[in-house]
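# Geometric and topological summary
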Amino acid sequence: MTRIIDLAHPLEEGMQVYPGDPVFCCRSAANIPEHGYNVRSLSLGSHTGTHVDAPFHFFADGKTIDHFPLSTFVGPALVVDVSSKKSREKIVWDDLAPYQTAMGEGVILLVCTGWSDYWGRPEYFEHPYLARDAAQKIVATGVRIVGIDALSPDETHLDDSEGDWGAHETILGAGGIIAENLRNLGSILGKTATVSLAPLHISGSDGAPTRAFAICE
Ligand SMILES: [Zn+2]
């Protein structure tokens, strides 16, 4: 039986965003009593909620979202289980090496930290993160799409000046795509699944929200 699993958080006012990013607003622009219909006005950042990053996020000459064919964002999932990792713990290559033979071009690598359980709570910012060296080895296998059920594949600091962007620089630097704030990765762990991370088609954008989902056999 085919099952569809929702990998995206809902967009709603008051939701968590990356420190310093624009907040999500969804307000009434027209309403039934006055206008005869409802219309909402939306305001958000390009990295709000479950979303993908394109190389232009970190590289001035990098590709924007609209320069990737839709097929880039759809493919077989390889979920790696690193849910034993603690707050701000590094995910190193040794954690991922058991999955190496399944990694390769066209595979969508999904890093299951289990951190989506903390969505909406202060602990959400304290997620584990990918070591630069681990990201380099992932890219060396041919993988170009990496998703995570946390705020970022790099450590999140409240002050950007402290940041090390090893995973972003490595994956986006290889012309790849990163998906952030995924959820329900535990539900597809060990299963054969096709994943869609297809983002909104926003011209010239460094990132865009996605209603990510998996289709499980
Ligand atoms: Zn992002």
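Structure's up top.
Residues numbered from 1 in each chain as written. Predicted model: local features only at pLDDT ≥ 70, side-chain atom pairs only at ≥ 80, totals over all residues. Heavy atoms only, no water.

A count of helices and strands for the protein gives four helices and 13 strands. Over its C-alpha trace the protein gives a radius of gyration of 17 Å, about what one expects of a compact globule, namely 17 Å for 217 residues. Projected onto its principal axes, the C-alpha positions of the protein cover 60 × 50 × 35 Å. Counting every position in the protein, which comprises 217 residues, the buried fraction comes to 49%. For the protein, long-range pairs separated by at least 24 residues make up 74% of all intrachain contacts whose partners lie at least 6 apart in sequence. Of the accessible surface of the protein, which amounts to about 10,300 Å², a share of 52% is contributed by carbon and sulfur atoms. (Helix = DSSP H or I, 4+ residues; strand = E, 2+ residues; numbered from the N terminus. Rg over C-alpha atoms; globule rule 2.2 N^0.38 Å. Buried < 20%, exposed > 50% of the residue type's maximum accessible area, 1.4 Å probe, protein only. Contact = heavy atoms within 4.5 Å. Areas by Shrake-Rupley, 256 points an atom, 1.4 Å probe, with all protein chains shown as cover.)

Turning next to the coordination of the zinc ion. At this site the zinc ion is bound by H47 (ND1), H51 (NE2), D53 (OD) and E180 (OE), with donor distances of 2.1 to 2.3 Å. Classification of the site at the zinc ion as irregular follows from its four donor atoms and the range of 75 to 164° in their angles at the metal. When the donors of the zinc ion are listed by position in the chain, the intervening gaps give H-x3-H-x1-D-x126-E. With H51 in strand β4 (residues 51-53) and E180 in strand β10 (residues 177-180), this residue pair connects regions lying 129 residues apart in the sequence. As far as burial versus exposure is concerned, H51 and E180 are alike and both buried. (Donors = N, O, S within 2.8 Å, 3.2 Å for Na, K, Ca; no water. Tetrahedral: all angles 85-135°; square planar, octahedral: opposite > 155°, others 65-115°.)

Take helix α4 (residues 166-173) next. Of all the eight residues making up α4, six are buried; the element is thus mostly covered by neighbouring parts of the structure. Those residues of α4 that fall on the buried side of the exposure criterion are G166, A167, H168, T170, I171 and L172. Contacts from the buried residues of α4 go to β4, β8 (129-130), α3 (132-140), β9 (145-148) and β10. Looking one or two residues beyond α4, the residue adopting positive phi is G175, at roughly 85°.

Let us look at the pattern of salt bridges. The tally for this structure, following the rule as stated, stands at eleven salt bridges. A salt bridge links D6 to R183, with the nearest nitrogen and oxygen atoms 3.5 Å apart. Residue D6 is found in strand β1 (residues 3-6), and its partner R183 is found in the loop between β10 and β11 (193-196); the two are separated by 177 residues along the sequence. Residue class for R183 comes out partly exposed when judged on its relative accessible area of 24%. Members of the salt-bridge network, linked through shared partners, are D6, R183 and R211. (Salt bridge = Lys/Arg side-chain N within 4 Å of Asp/Glu carboxyl O.)

A separate point is the side chain of H168. Mapped onto the secondary structure, H168 falls in helix α4. Note on H168: relative accessible area 2%, which makes it buried. At 2.7 Å, the side chain of H168 and the side chain of D154 are in polar contact. Here H168 is in contact with D53, H57, F58, S152, P153, D154, G173, I178 and E180, once residues within four sequence places are set aside. (Polar contact = N/O pair within 3.5 Å; in protein donor to acceptor, adjacent residues only side chain to side chain.)

Of the two faces of strand β13 (residues 213-216), the one lined by A214 and C216 is fully buried and the one lined by F213 and I215 carries no buried residue. Taken together, the four bridges between β1 and β13 define a ladder with antiparallel strand orientation. Residue pairing across strands places D6 opposite F213, the latter belonging to β13. Here β11 runs beside β13; their pairing, made up of four bridges, is antiparallel. Opposite S196, over in β13, you have F213 as the bridge partner. (Pairing = 2+ DSSP bridges.)

With that settled, the discussion passes to a nonpolar patch on the surface. A contiguous nonpolar surface patch, about 260 Å² in accessible area, is contributed by L11, L42 and L44. Along the polypeptide, L44 turns up in the loop between β3 (39-43) and β4. Overall, the relative accessible area of 33% leaves L44 in the partly exposed class. (Patch = residues over 30% accessible without salt bridge, like charges linked within 9 Å, V, L, I, M, F, W, Y side chains within 5 Å.)

Taken as a whole and judged by the stated rule, the model has five aromatic pairs. Joined through ring pairs, the aromatic side chains of Y18, F58 and W165 make up one cluster. Between K63 and the ring centre of F68, over which it is positioned, the NZ or CZ distance is 4.4 Å. (Phe/Tyr/Trp six-rings, centres within 6.5 Å; stacked < 30°, edge-to-face > 60°. Lys NZ or Arg CZ within 6 Å of the ring centre and 35° of its normal.)

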